Each structure stands twice: as structure tokens, then as C-alpha cells.
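Each chain is listed here by its residues.
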Amino acid sequence: MEQQLEQLKQEALQKIETAASVKELNDVRVAYLGKKGPITDLLKGMGKLPAEERPKMGALVNVVRETVTTSLEEKMELLEQQAVNEKLEKETIDISLPGRPVKLGNHHPLTRVVEEIEDFFISMGYEVAEGPEVEQDYYNFEALNLPKGHPARDMQDSFYITEDVLLRTHTSPVQARTMAAKKGEPIKIICPGKVYRRDSDDATHSHQFTQIEGLVVGEDIRMSDLKGTLALFAKKMFGEEREIRLRPSFFPFTEPSVEMDISCFKCGGSGCNVCKKTGWIEILGAGMVHPNVLEMAGYDPSIFTGFAFGMGPERIAMLKYGVEDIRHFFTNDMRFLSQFNRTEV
Ligand code: PHE
């Protein structure tokens with residue numbers, strides 16, 4: 001029996017040694033130490049032994065059982081450690097792999113032009129003022145020297161909401177509001193924002209578009225100040241060599257009124273398709289604030305004078321970037337938008 005035990009021990013230790021996985025090792029444990037295993041059988045068989053041999057054999061069986069159990073535990077620990085190591089190895093991240101590029105968005109071309117214009121005027125000491133897009137007839141027209149029934153209202157076909165409320169047709173009402181709020185203080189603002197007109201959409205017209213207007217009110221503000229400001233602006237937006245020219249025009253809220261052209265940035269003035277062979281490109285409307293407008297807002301026109309100008313960033317963006325259809329700005333086609341690379345901002 002002793003021999004049998006020794007053999008069992010050797011067999012078990014051998015199998016533990018060669019077990020290559022946790023599962024195999026478990027099988028070994030069940031086979032040798034389980035309820036139906038040979039060691040249990042031996043213990044059960046002790047009853048048949050003569051009484052004086054029992055303690056000795058009992059002790060021997062226990063020693064074998066402990067040896068096998070310890071060996072099993074050690075091997076189990078080893079296998080588990082191996083399994084963890086293998087898993088760690090498999091899961092290592094190869095940091096030498098090149099990353100997947102993250103797609104960056106870019107500013108909408110209109111936003112860029114508006115910000116470029118804002119930056120220029122802010123650098124000249126202007127503040128940015130904003131106002132409501134749903135506007136009162138009073139600020140959109142009346143306070144700008146366009147009383148009800150004035151024929152010049154037809155210049156700006158409007159979306160009326162009620163008889164006295166409409167979608168603003170220009171950003172000039174922000175000027176009227178600012179003047180009313182400043183109550184006689186000097187003013188130097190630009191007003192960017194969306195405006196609405198009842199136009200049929202085509203390549204150069206849109207029922208919704210953007211405007212930036214400027215207003216300067218103070219003592220001794222002159223036409224030459226307006227001209228100098230616009231000349232600098234033209235150079236900043238379209239290049240150092242740009243010349244400007246002012247042509248007489250009409251706006252009910254300015255007197256005198258002008259239209260500003262810049263010398264063509266493509267041909268330099270000799271005539272091309274951009275300037276329609278004239279050498280000049282129309283950019284904006286401007287003028288000296290009409291005394292009626294100053295007076296309605298509480299400024300004494302014998303002391304205060306001012307100039308104002310207004311432009312359409314869509315038109316400027318179309319010229320700058322060679323965009324042939326204004327609707328591209330509003331249809332959000334990625335093929336169009338992704339051409340305006342972020343690095344140029
Ligand atoms: N508000 C005018 C327009 O929308 C533009 C303008 C503004 C003209 C300021 C002169 C002075 O047509």
C-alpha cells in the first residue's frame with residue numbers, strides 16, 4: 001500500500017508538472033483529490049487495515065494529499081500568472097502606429113469676412129453693436145428719415161409681420177437705436193447682422209443676407225473722415241494698391257450720399273471680367289448722416305455731424321474668393337465650404 005501511495009504521488013506530481021492550462025490542472029485535481037479519486041479511495045479503504053497500521057497509513061495518505069495539494073496550488077498560481085502575462089502581451093498598444101487624422105472644421109467664408117471687417121474697425125476704435133432682426137417699422141424706416149408712404153421705402157422690399165413690425169431690411173435700425181440710447185454722446189460703432197428683403201433668389205440676390213454698417217457721430221466729423229476711413233478699409237480688405245472713388249448716390253438717411261468703388265484688384269484698372277471692363281468695382285454705400293436723423297435721435301445737428309456706411313459681406317466674399325453664386329453661402333454644401341482652409345484665417 002505504501003508503494004501504491006508513492007506511485008500515486010509521483011503520477012499526480014508528474015501530471016501537475018505537465019498540465020499546460022488551468023483547465024487541465026483542474027482535471028488533475030478532480031482526478032486525484034476528488035471524491036471518486038484514488039486518494040479518497042485509499043482513505044476509505046483504511047477501515048480494512050489492521051488497527052495498529054491505521055495511524056501510520058493515515059498520516060502517510062495525508063502527507064501525500066498535502067504534497068499534491070501544495071504542488072497543485074503552486075502550479076495554479078504559475079498558470080494564472082502566465083495567463084495574465086499573455087493577455088497583457090496581446091493587449092499592448094503599438095504607440096509607433098501613425099494616428100488617424102481628426103478632421104478639423106473651418107470657419108464659414110462669410111464668418112471670416114465679417115470677422116476680418118470687424119477686426120479692421122475694432123482696430124480703428126469702433127465698437128460692435130447688435131440689434132433685433134424682428135424690428136419696428138419706426139427704427140427700420142421712420143427714424144431713418146423714411147416716413148410711412150415715402151417712395152424710397154420701395155428700394156427695400158420688406159417682409160412685414162404686422163403693420164408696424166417687420167424683418168429688418170438693413171442694419172441701419174441698430175444705428176437709430178444706438179443714437180436714441182446714447183442721448184447726445186459721441187458714437188463710433190459697426191453693426192453686423194442678418195437682414196431680409198423680399199427678393200427672388202438668384203445668383204446675386206438672396207431674401208436673407210448679411211450687412212455691416214458703420215456709424216460715427218461727433219463734433220466736427222467730416223466727409224474727409226469718411227473718405228479716409230473707407231480708403232484705409234479698401235486697402236486692408238483688397239490690397240495696398242487699391243484706390244477708391246466716390247460716386248454721388250441717394251439714401252434717405254444720408255446727405256450727401258455716395259457709392260464707393262475700388263480699383264479692380266484683378267486687373268488693376270485696365271478692365272477685366274471681374275470689374276466688367278470698367279476698372280472699378282462697387283463695394284458699399286455711404287454718406288453724411290442726414291440732419292433729420294440726428295435730430296430725431298436727439299442730437300443737435302448744428303453741433304453734431306456724422307458719417308455712415310453700409311456693405312454686404314456676401315458681395316465682398318464673392319469678390320475676394322471668386323464665388324459666382326450667392327446661394328452657395330446658404331446651402332451648406334461641404335464641397336463648397338471645405339475649400340475655405342482654416343490655415344488662412
Ligand atoms: N442701409 C443702406 C442699405 O441697406 C446702406 C447704407 C448704410 C447707406 C449707411 C448709407 C449709409 O442699402
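The structure we're discussing is the one just above.
Residues numbered from 1 in each chain as written. Predicted model: local features only at pLDDT ≥ 70, side-chain atom pairs only at ≥ 80, totals over all residues. Heavy atoms only, no water.

**Q** Any chance you could explain the overall build of the protein chain here in plain terms?
**A** Counting its regular elements, the protein chain contains 11 helices and nine strands. The buried share among the 345 residues of the protein chain stands at 41%. Summed over all atoms, the accessible surface of the protein chain reaches about 19,900 Å², with 52% contributed by carbon and sulfur. The average position of the 42 basic charges and that of the 54 acidic charges among the side chains of the protein chain differ by 5 Å. (Helix = DSSP H or I, 4+ residues; strand = E, 2+ residues; numbered from the N terminus. Buried < 20%, exposed > 50% of the residue type's maximum accessible area, 1.4 Å probe, protein only. Areas by Shrake-Rupley, 256 points an atom, 1.4 Å probe, with all protein chains shown as cover. Lys, Arg positive; Asp, Glu negative; His and termini not counted. Charge placed at Lys NZ, Arg CZ, Asp CG, Glu CD.)

**Q** Whenever I open this one, the layout of surface pockets confuses me. Can you help?
**A** Over the atoms rolls a probe the size of a water molecule, and its path tells where empty space is left. As a volume, the largest pocket reaches approximately 1,400 Å³. What lines the largest pocket is a set of 50 residues, and nearest its centre among them are Thr204, Glu282, Ile283, Gly312 and Arg315. Counting only elements with at least two residues in the lining of the largest pocket, the list comes to α7 (172-182), β5 (208-219), β6 (244-251), β7 (254-263), β8 (280-289), β9 (304-311) and α10 (313-321). In terms of residue count, the dominant contributor to the lining of the largest pocket is β8 (eight residues). Of the residues belonging to the lining of the largest pocket, the class tally is 22 nonpolar, 16 polar and 12 charged. Its boundaries defined by the atoms lining it, the second largest pocket holds a volume of some 240 Å³. What lines the second largest pocket is His108, Leu110, Thr111, Val114, Glu115, Glu133, Gly193, Lys194, Gln208, Thr210, Phe329 and Phe330. (1 Å grid on protein atoms, 1.4 Å probe; cavity = no way out; pocket = protein on both sides within 12 Å on 5 of 7 lines; lining within 4 Å. Points joined across faces, edges and corners; volume = space filled by probe spheres on them. Nonpolar A, V, L, I, M, F, W, Y, C, P; charged D, E, K, R; others polar.)

**Q** What is the right way to look at the pattern of salt bridges in this model?
**A** Note that side chains of opposite charge can pair when their charged atoms are close. Considering all chains together, one arrives at 15 salt bridges under this definition. Close ionic contact of Glu135 with Arg177 constitutes a salt bridge, the shortest N to O distance being 2.7 Å. Taken as a pair, Glu135 in strand β2 (residues 134-136) and Arg177 in helix α7 lie far apart in primary sequence, 42 residues in all. The network of salt bridges with shared partners includes Asp137, Glu142, Lys148, Arg153 and Asp164. (Salt bridge = Lys/Arg side-chain N within 4 Å of Asp/Glu carboxyl O.)

**Q** Help me out: how do you make sense of the packing of aromatic side chains in this one?
**A** In this description, an aromatic ring pair is defined by two values, namely the gap between the centres and the angle between the planes. For the structure on display, the rule yields 14 aromatic pairs. Relative to Phe330, the ring of Phe329 has its centre 6.5 Å away and its plane inclined at 70°; by these criteria the two rings are edge-to-face. Overall, the relative accessible area of 2% leaves Phe329 in the buried class. Counting every residue linked through ring pairs, the aromatic cluster contains Phe120, Phe121, Tyr126, Phe233, Phe307 and Phe309. (Phe/Tyr/Trp six-rings, centres within 6.5 Å; stacked < 30°, edge-to-face > 60°.)

**Q** Explanation requested: the packing of helix α1 (residues 2-18) against helix α2 (residues 22-33) in the structure shown.
**A** Helices that pack against each other are described as a pair by the angle of their axes relative to one another and the distance between those axes. Relative orientation of the contacting elements α1 and α2 amounts to 165°, with a least axis distance of 9 Å. Compared by their axis directions, α1 and α2 come out roughly antiparallel. Regarding α1 and α2, the two cross each other, and that crossing is left-handed. Here α1 contributes Leu8, Glu11, Ala12, Lys15, Ile16 and Thr18 to the contact with α2, which in turn contributes Glu24, Leu25, Val28 and Tyr32. A class-by-class count of the residues in the contact of α1 with α2 yields six nonpolar, one polar and three charged. (Axes fitted to C-alpha atoms, helices over the stretch in contact; angles between N-to-C directions. Parallel < 35°, antiparallel > 145°, perpendicular 65-115°, else oblique. Left-handed = near helix turned anticlockwise from the far one by under 90°. Contact = heavy atoms within 4.5 Å.)

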